[in-house]
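Analysis of the macromolecular model
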Amino acid sequence: MKFFLDTASISEIEEAASWGVIAGVTTNPSLYAREGGKLSEFHAHIKRICEIVDGPVSAETVTLKRDEIVAEGEILADIHPNVVVKVPTMPEGLAATKMLAEREIPVNMTLCFTVPQAIMAARAGAAYISPFVGRFDDISEDGIEHLANVVGALGNYDFGHDVEVIAASIRHPEHVLQSALMGADIATVPFAVLEKCIKHPLTDRGLEAFLADWEKVKNS
Ligand code: G3P
């Protein structure tokens, strides 16, 4: 499973990239707003992310009609060759995805919750499909089970093009663990969750013991 970072924060992206573990980035309007992002600087911000991470960088469209989504997607795709256009899973989004895919612009269909939605996204030509896990948990449903259904169903078919499942709306390391066990292609993870994933109390305790013993060696 590949890790993408789910953030618009340049400092988080720089730090995670320095660890050598992230293969891409996903952003959305909420994440950009959280960084205090300005509309006039949005394209430059996406370009900056593409310069830090050599992999797919999802930038989301914010229009609702197919022609507008396509026009927006073409402008986003012009920012950098690594840009993937993020399009919501809805009828106009499907139509836009079909048109963008025909123009060889990769699309990440987002806000996907069900198997039928995922299959339609794949049929429309999406290169990436993002089932949301945590938002199911928010309404007391099992997001991991829904994700497993999507991964299993898509694996049954050849869509004639590469389709990768991005486990999205990941809230804690258990979501990452389960995504990996079921064979999700990618987990897009907030920086705080990525940090939690590398930490374990036994690692800390083991390191403490090694360092204490090494002090004894040094003083011998
Ligand atoms: O990748 C989608 C993600 O940003 C949504 O996460 O936590 O807002 O459900 P969340």
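Residues numbered from 1 in each chain as written. Predicted model: local features only at pLDDT ≥ 70, side-chain atom pairs only at ≥ 80, totals over all residues. Heavy atoms only, no water.

**Brief notes about helix α5 (residues 91–102)**
In a regular helix each residue adds 1.5 Å, so 12 residues correspond to 16 Å; α5 covers 17 Å between its end C-alpha atoms and thus fits that length. Taken as a whole, α5 has its buried residues at E92, G93, A95, A96, T97, M99 and L100. Where α5 is buried, its residues touch α4 (66–77), β4 (83–88), β5 (107–112) and α6 (115–124). Just beyond α5, the residue with positive phi is E104, at close to 60°. (Helix = DSSP H or I, 4+ residues; strand = E, 2+ residues; numbered from the N terminus. Expected span 1.5 Å × (residues − 1). Buried < 20%, exposed > 50% of the residue type's maximum accessible area, 1.4 Å probe, protein only. Contact = heavy atoms within 4.5 Å.)

**Focus: the layout of surface pockets**
When its volume is computed, the largest pocket comes out at roughly 370 Å³. Along its surface, the largest pocket is lined by 20 residues, and D6, N28, L31, F132 and R135 are the ones closest to its centre. Within the residue set of the lining of the largest pocket, elements represented by two or more residues are α2 (29–34) and β5. Of all the elements, α2 adds the most residues to the lining of the largest pocket, at four residues. Space inside the second largest pocket adds up to approximately 270 Å³. (1 Å grid on protein atoms, 1.4 Å probe; cavity = no way out; pocket = protein on both sides within 12 Å on 5 of 7 lines; lining within 4 Å. Points joined across faces, edges and corners; volume = space filled by probe spheres on them.)

**Describing the site of the ligand**
Looking at the ligand, the residues that line it are D6, N28, F132, R135, A168, S169, R171 and T188. A distance of 2.7 Å separates an oxygen atom of the ligand from a polar atom in the side chain of D6. The side chain of S169 places a nitrogen or oxygen atom 2.7 Å from an oxygen atom of the ligand. Relative to its unbound accessible surface of 310 Å², the ligand loses 84% to contact with the protein. Using a 2 Å cut-off from the grid points, one finds that the ligand occupies the largest pocket. (Near = heavy atom within 4 Å. Polar contact = N/O pair within 3.5 Å; in protein donor to acceptor, adjacent residues only side chain to side chain. Areas by Shrake-Rupley, 256 points an atom, 1.4 Å probe, with all protein chains shown as cover. Sits in = over half its atoms within 2 Å of the grid points.)

**Some details on the sheet that holds strand β3 (residues 57–60)**
With parallel pairing, the eight strands of this closed barrel are ordered in space as β1-β2-β3-β4-β5-β6-β7-β8. When the angles between neighbouring strand axes are averaged without regard to direction, this sheet yields 25°. Where β4 and β5 come together, four bridges link them in parallel fashion. The residue bridging V85 from the neighbouring strand is V107, located in β5. Contacts from helix α1 (residues 10–19) reach β1 (2–6) and β2 (22–26), with the element oriented near 165° to β2. In the packing of helix α3 (residues 42–52) onto the sheet, the strands contacted are β2, β3 and β4, and the crossing angle to β3 comes to about 165°. (Pairing = 2+ DSSP bridges. Axes fitted to C-alpha atoms, helices over the stretch in contact; angles between N-to-C directions.)

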